[in-house]
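# Architecture at a glance
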Amino acid sequence: MRVLVTGAAGFIGSTYVHLLRGEHDVTVLDKLTYAGRRENLPDEVELIVGSIEDRDLVFELAGDMDAVVNFAAESHVDRSIADQEAFARTHVIGTGVLLDAVRERGVPRFLQVSTDEVYGSIAEGSFTERSPLDPSSPYSATKAGGDLLVSAHWHTYGVEAVICRGSNNYGPRQYPEKLIPLCVLNAFSGDPLPVYGDGRQVRNWLYVEDFCRAIHTVLLHGRAGEAYNAGGPDECENLEVVRRILELTGRDESLIEHVRDRPGHDRRYSLSSEKLRAELGWEPRVRFAEGLERTVEWYRDNEWWWGRIRSGEYREYYEQHYGRALG
Ligand code: NAD
Ligand code: DAU
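Keep in mind that what you see is a predicted model, and the values were worked out from it rather than measured.

Below, the discussion takes up helix α6 (residues 179–189). Summarising burial for α6: 8 of the 11 residues are buried, a large majority. The set of residues buried in α6 consists of Ile180, Pro181, Leu182, Cys183, Val184, Leu185, Asn186 and Ala187. In the segment just after α6, Gly190 is the residue with positive phi, at about 75 degrees.

So this is what it looks like as structure tokens:
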């Protein structure tokens, strides 16, 4: 297949492209925001630098494709709380442009990468694909907007589109603004590990390669017009995640620092993946304990990757977001 993968210079998309290596003919379209990096991709993969909002460019690229897989996003909830505009542009306008191109250029298949956050928070039990969308943050609200446009294009025009919603991913090449890589790098350097509020929020952790296998399975075999949830095998309170990182890096709990909570912070996410398991045979393979160990190892061995990030835009963001709180 000739596959256009958008947003693949980021964390999950690049893992997906590595997975497809040698099997499919991949072209990447990525805007290279602060989170996108050429070196995340295999050398032989063609990277077009541009935005999914660029109608002319997207229409030109889509004409040759058998499938489009859309990872392109602003992915950090805290940044969406500070300024939502880029989120609305990429998730709603950009997804709409991709869908128009898929329809008008006759691309046989479209997959939208989405998130458990579109369902909102759940105190007990797990969300299924029939649960109503009830997003809380500008990030998740605009992701839900994108998902609804995908469904509308299926209902209105019969576009062969599917959605795959994942829970919290972690693994190699995740930008260190997210909880796990941020805490791993801070633990390496002996800096405080910032925990929002009481740290009792729960996330359903999914190793990135497991999510990428789910996405590819849904792309190939999912029923058009349907959404499929891909949840991780283990859930864990944030404080417990941070404690495990301290253990794996040989640091003690004095590094934990409780800071101001995230406004509108969702307490717990949980996805049922029963549909994906029963219909398409997908199951996550990597348990959290093993995946976290692998992730810490990867960061330990790849300072060339994160060393440059930590000194640039990231430093500015970090100081603005945590500066005073972390002294
Ligand atoms: P990321 O921030 O690491 O990467 C996003 C990529 O999209 C970057 O390379 C960026 O340059 C690119 N991009 C941003 N705006 C663009 C635009 N307008 N046009 C083209 N490219 C653009 O994000 P990630 O964590 O890899 O997330 C990828 C996708 O998976 C997103 O759609 C996200 O909502 C979804 N998702 C993420 C998680 C998670 O835990 N990280 C879980 C479930 C779903
Ligand atoms: O659930 C899927 C989502 O997971 C994806 O759709 C998002 O793109 C991805 O960023 C992630 O969102 P979260 O907000 O859950 O991830 P984050 O790593 O930012 O935070 C995880 C939890 O840790 C959350 O409860 C907030 C908390 N946290 C986060 C940071 C960055 C802290 O306590 N301290 C921190 O410094």
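Here we come to the domain arrangement of the chain. Here the chain is described as being made up of domain 1 (2–169 + 205–230) and domain 2 (170–203 + 233–267 + 287–322). Computed from C-alpha coordinates alone, the two centres of domain 1 and domain 2 are separated by 25 Å. Taken residue by residue, the interface counts 25 residues in domain 1 and 32 residues in domain 2. Together, the buried faces of domain 1 and domain 2 total about 2,600 Å²; carbon and sulfur atoms form 51% of this surface. For the domain 1 face of the interface with domain 2, the top three residues by lost area are Arg37, Trp205 and Tyr207, together amounting to 33%.

A few words on the site of ligand 1. The environment of ligand 1 is formed by 30 residues, the closest being Ile12, Asp30, Ser75, Tyr139 and Lys143. Ile52 is positioned with one of its backbone polar atoms (N or O) 3.0 Å from a nitrogen atom of ligand 1. Phe71 is positioned such that a nitrogen or oxygen atom in its backbone is 3.2 Å from an oxygen atom of ligand 1. Relative to its unbound accessible area of 840 Å², ligand 1 is 97% covered by the protein chains. Broken down by secondary-structure element, the contributors of at least two residues to the shell around ligand 1 are α1 (11–20), β5 (110–115) and α5 (138–157). For the shell around ligand 1, the leading source of residues is β5, giving 3 residues.

Here we take up unusual backbone geometry. Not every positive phi belongs to a glycine, and Leu32 is a case in point at roughly 55 degrees. The residue Leu32 is located in the loop between β2 (25–30) and β3 (46–49) in this model. Here the phi dihedral of Arg173 falls at roughly 70 degrees; this positive angle occurs in a residue that is not glycine. Within the element layout of this structure, Arg173 appears in the loop between β7 (169–170) and α6.

Surveying the vicinity of ligand 2 reveals 22 residues, the closest of which are Asp116, Tyr139, Asn168, Arg262 and Tyr322. Ser75 places a main-chain nitrogen or oxygen 2.8 Å from an oxygen atom of ligand 2. In the model, an oxygen atom of ligand 2 is placed 2.7 Å from a nitrogen or oxygen of the Thr115 side chain. Protein coverage of the free-state accessible area of ligand 2, which is 680 Å², stands at 95%. The element that contributes the greatest number of residues to the shell around ligand 2 is strand β8 (residues 193–196), accounting for 3 residues. Taken together, the residues of the shell around ligand 2 sort by class into 8 nonpolar, 8 polar and 6 charged. Both domain 1 (2–169 + 205–230) and domain 2 (170–203 + 233–267 + 287–322) contribute no fewer than three residues apiece to the shell around ligand 2.

Rules of the game
- Residues numbered from 1 in each chain as written.
- Chains lettered and ligands numbered in written order.
- Predicted model: local features only at pLDDT ≥ 70, side-chain atom pairs only at ≥ 80, totals over all residues.
- Heavy atoms only, no water.
- Buried < 20%, exposed > 50% of the residue type's maximum accessible area, 1.4 Å probe, protein only.
- Helix = DSSP H or I, 4+ residues; strand = E, 2+ residues; numbered from the N terminus.
- Domains from an automatic or database assignment.
- Contact = heavy atoms within 4.5 Å.
- Buried area = accessible area lost by both parts, 1.4 Å probe.
- Near = heavy atom within 4 Å.
- Polar contact = N/O pair within 3.5 Å; in protein donor to acceptor, adjacent residues only side chain to side chain.
- Areas by Shrake-Rupley, 256 points an atom, 1.4 Å probe, with all protein chains shown as cover.
- Nonpolar A, V, L, I, M, F, W, Y, C, P; charged D, E, K, R; others polar.

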